[in-house]
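# Summary of structural features
Spelled out from the first residue to the last, the chains are:
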Amino acid sequence: MDPSLKAKLNQIKLIVSDVDGILTDGTMFIGDGVELKQFTVEDGAGVAFSRVAGIPVALISGRYSKATEIRAKEMKIEHCYQGSLDKLTPFAEICEFYKVAPNEVAYIGDGLIDIPVMEKVEISVTVPHAHPLVKKAAIHETKTSGGQGVLREVVEWILHAQDRHTQVLEDMRKNIYKA
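Here is a short report on the structure shown in this document.

Reading the values: the criteria
Along each chain, residues carry numbers from 1 onward, in the same order as the chain's sequence is written. Note on the predicted model: pLDDT of at least 70 is required for a residue's local features to be given, and 80 or more for side-chain atom pairs to be given and counted; whole-chain, interface and lining totals, by contrast, use all residues. Based on all heavy atoms of the structure, the side-chain values leave hydrogens and waters out of the count. In this description a helix means any DSSP run of H or I spanning at least four residues, a strand means any run of E spanning at least two, and both kinds are numbered starting from the N terminus. Burial classes: relative accessible area under 20% of the type maximum marks a residue as buried, over 50% as exposed, and values in between as partly exposed (1.4 Å probe, protein chains only). Here, a salt bridge means any Lys or Arg side-chain nitrogen found within 4 Å of an Asp or Glu carboxyl oxygen. Working convention: axes come from line fits to C-alpha atoms, limited for helices to the stretch in contact. Angles between N-to-C directions cover 0 to 180 degrees. To sort the angles, those under 35 degrees are grouped as roughly parallel, those over 145 as roughly antiparallel, those from 65 to 115 as roughly perpendicular, and the leftovers as oblique. Left-handed describes a crossing whose near helix is turned anticlockwise from the far helix by less than a right angle; the clockwise case is right-handed. Residues are treated as being in contact if the distance between any of their heavy atoms lies within 4.5 Å. Under the grouping applied here, Gly and all other residues not named as nonpolar or charged are polar, the nonpolar ones being Ala, Val, Leu, Ile, Met, Phe, Trp, Tyr, Cys and Pro and the charged ones Asp, Glu, Lys and Arg. Pairing between strands is defined by DSSP: at least two bridges between the two strands are required. By the criterion applied in these results, polar contacts are pairs of N or O atoms within 3.5 Å in which, for protein atoms, one can donate a hydrogen and the other can accept it, and in which residues neighboring in sequence qualify only through two side-chain atoms.

Unusually for a residue other than glycine, K76 sits at a positive phi of about 60°. Summarising the element assignment, K76 is placed in the loop between α3 (66–74) and β5 (80–82). Residue classification places K76 among the exposed residues on the basis of a relative accessible area of 64%. Backbone geometry at K99 places phi at a positive 55°, although glycine is not the residue there.

Here we take up the pattern of salt bridges. With the rule as written, the count across this model stands at 14 salt bridges. Where K66 meets E69, a salt bridge forms, and the shortest distance between an N and an O atom there is 3.1 Å. You can see K66 and its partner E69 sitting in helix α3, 3 residues apart, about one turn around the helix. The salt bridge partner of R173 is E170, with a shortest N-O separation of 3.4 Å. Separated by 3 residues within a single helix, R173 and E170 lie in helix α8 (residues 165–178), roughly one turn from each other. On the basis of relative accessible area, R173 is assigned to the partly exposed category, the value being 38%. On the basis of relative accessible area, E170 is assigned to the partly exposed category, the value being 31%.

Let's shift gears to the packing of helix α2 (residues 41–52) against helix α7 (residues 150–161). Running from amino to carboxyl end, α2 crosses α7 at an angle of 30°, the nearest separation of the two axes being 6 Å. One finds that α2 runs roughly parallel with respect to α7. For α2 against α7, the interelement crossing comes out left-handed. Seen from α2, the contacting residues are E42, D43, G46, V47, F49 and S50; seen from α7, they are V150, L151, R152, V155, E156 and L159. Across the contact of α2 with α7, the residue classes break down as 6 nonpolar, 2 polar and 4 charged.

Across a sheet, paired strands are connected by hydrogen bonds in the backbone, their directions being either parallel or antiparallel. If you trace the 6 strands from one edge of the open sheet to the other, you get β5-β4-β1-β6-β7-β8, paired in parallel fashion. One side of each edge strand has no neighbouring strand; the edge strands of this open sheet are β5 and β8 (140–141). Alignment of strand β7 (residues 123–126) against β8, held across 2 bridges, turns out to be parallel. Residue pairing across strands places V125 opposite H140, the latter belonging to β8. Those strands touched by α7 are β1 (14–17), β4 (57–61), β6 (105–108), β7 and β8, and its axis lies near 155° from that of β6.

The next point concerns the side chain of Q162. Assignment of secondary structure puts Q162 in the loop between α7 and α8. Residue classification places Q162 among the buried positions, given a relative accessible area of 10%. Engagement of the side chain of Q162 in a polar contact is seen with the backbone oxygen of L9, the distance being 2.9 Å.

Have a look at this one:
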């Protein structure tokens, strides 16, 4: 890994992610007032792994969805902002809450409305199916597609770069066996 990228990844203290196209493949099923989205347990495992590492995860989605609200609660994500095309305002609030600077944040996005936040952070990540302008704004593209464990992949990438992956995995094992 490039030493300057490793140095940037070593500063990461918070992960913020878009939802549709990242935690999902972007597909929605809507009928008779009910909306269904498909999430993968892999991202839930990624959030748990991140929590053990002491790196909180927050979500910012341009559209409101009850399914997203439910999934965020299941994953014990404290900050889940929805329903605004302005992602910079909630981003600033999240940074203030966690007392982190933008250079200490990794942001994952795939759509045009993610670009303003991606331009603010040190580590901007996207997915293979992202809009070409988003790919241009990102410094890293995941191997995993949206809805297939993108968040888990990013958490592991960061922890490997921070040389903490093995220790966090061991900490996770200890917590599981103490229960």
